[in-house]
Amino acid sequence: MMTLEEDQIEMDSTEMWYIMTRVQQLKSRRSLLLELQEFLKKNSKEDQSPSDEELNPTLSDPELLEVKDLAFSPAMVQCPTCKQHVTTEIQHKVGKTSFLLCYFSTLLGCVAGCCLLPFVLNYFKDTCHFCPSCHTEIQIVPRI
Ligand SMILES: [Zn+2]
């Protein structure tokens with residue numbers, strides 16, 4: 001009877017010791033994790049603030065073109081009429097490029113309809129940029 005009780009006490013104490021050390025381990029791990037969490041929070045805050053500042057100009061500035069820099073494809077510009085930042089809509093128009101090409105092809109002897117090609121092919125037409133919000137003509141980009 002005595003031996004059994006002693007055994008039990010001994011077992012209890014080892015178990016207690018085991019639990020205590022385990023609790024200690026977990027406590028230290030928890031504090032470590034908390035420190036790590038705070039460290040990560042600080043880091044992410046420091047990481048986010050400059051990257052946001054870097055992102056904002058890249059989103060607004062480089063894509064926005066000057067009206068005079070417009071090319072043959074739609075681009076972001078500030079509409080001179082409604083002052084909004086818009087992506088232009090383009091239309092191909094028969095401009096002086098088409099007439100010039102027609103004139104020269106006639107001179108070269110293309111009278112069998114070749115001289116009409118500049119009027120049909122978009123490639124030879126001028127590009128006209130429109131504002132999608134107020135529908136005014138922003139800029140005509142001639143081919144030549
Ligand atoms: Zn506009």
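Thresholds applied
Residues numbered from 1 in each chain as written. Predicted model: local features only at pLDDT ≥ 70, side-chain atom pairs only at ≥ 80, totals over all residues. Heavy atoms only, no water. UniProt positions renumbered as here; feature names shortened; annotations may be inferred. Core = buried A, V, L, I, M, F, W, Y, C linked by side-chain atoms within 4.5 Å. Buried < 20%, exposed > 50% of the residue type's maximum accessible area, 1.4 Å probe, protein only. Contact = heavy atoms within 4.5 Å. Helix = DSSP H or I, 4+ residues; strand = E, 2+ residues; numbered from the N terminus. Donors = N, O, S within 2.8 Å, 3.2 Å for Na, K, Ca; no water. Tetrahedral: all angles 85-135°; square planar, octahedral: opposite > 155°, others 65-115°.

The name given to the protein chain in an unreviewed UniProt entry is LITAF domain-containing protein, with the source organism recorded as Silurus meridionalis. The Sequence similarities (unreviewed entry) field of the UniProt record for the protein chain holds the comment "Belongs to the CDIP1/LITAF family."

Asks: Pulling in residues and values, what's your account of the nonpolar core?
Replies: Residues Leu70, Ala75, Val77, Cys79, Val86, Cys131, Ile138 and Val141 constitute the largest nonpolar core, which totals eight residues. Residues contacting Val77, with those up to four places away along its chain left out, are Leu64, Leu65, Glu66, Val67, Leu70, Gln84, His85, Val86, Thr88 and Ile138.

Asks: Give a detailed account of unusual backbone geometry, specifying residues and quantitative values.
Replies: Negative phi values dominate among residues other than glycine, just as trans dominates among peptide bonds. In this model, Lys83 sits at a positive phi of 60°, which is unusual for a non-glycine residue. By the secondary structure assignment, Lys83 is in the loop between strand 2 (76–78) and strand 3 (85–87). One non-glycine residue, His135, lies in the positive phi region at around 60°. Structurally, His135 can be placed in the loop between strand 5 (126–130) and strand 6 (137–141).

Asks: How would you sum up the coordination of the zinc ion? Please name residues and give values.
Replies: Donor atoms from the polypeptide that coordinate the zinc ion comprise Cys79 (SG), Cys82 (SG), Cys131 (SG) and Cys134 (SG), at 2.2 to 2.3 Å from the metal. Every donor counted, the four donor atoms about the zinc ion form angles of 103 to 116° at the centre, which fits tetrahedral coordination. Positions of the donor residues of the zinc ion, expressed as sequence spacing, correspond to C-x2-C-x48-C-x2-C. For Cys79, a relative accessible area of 0% translates into the label buried. A relative accessible area of 25% means that Cys82 is categorised as partly exposed.

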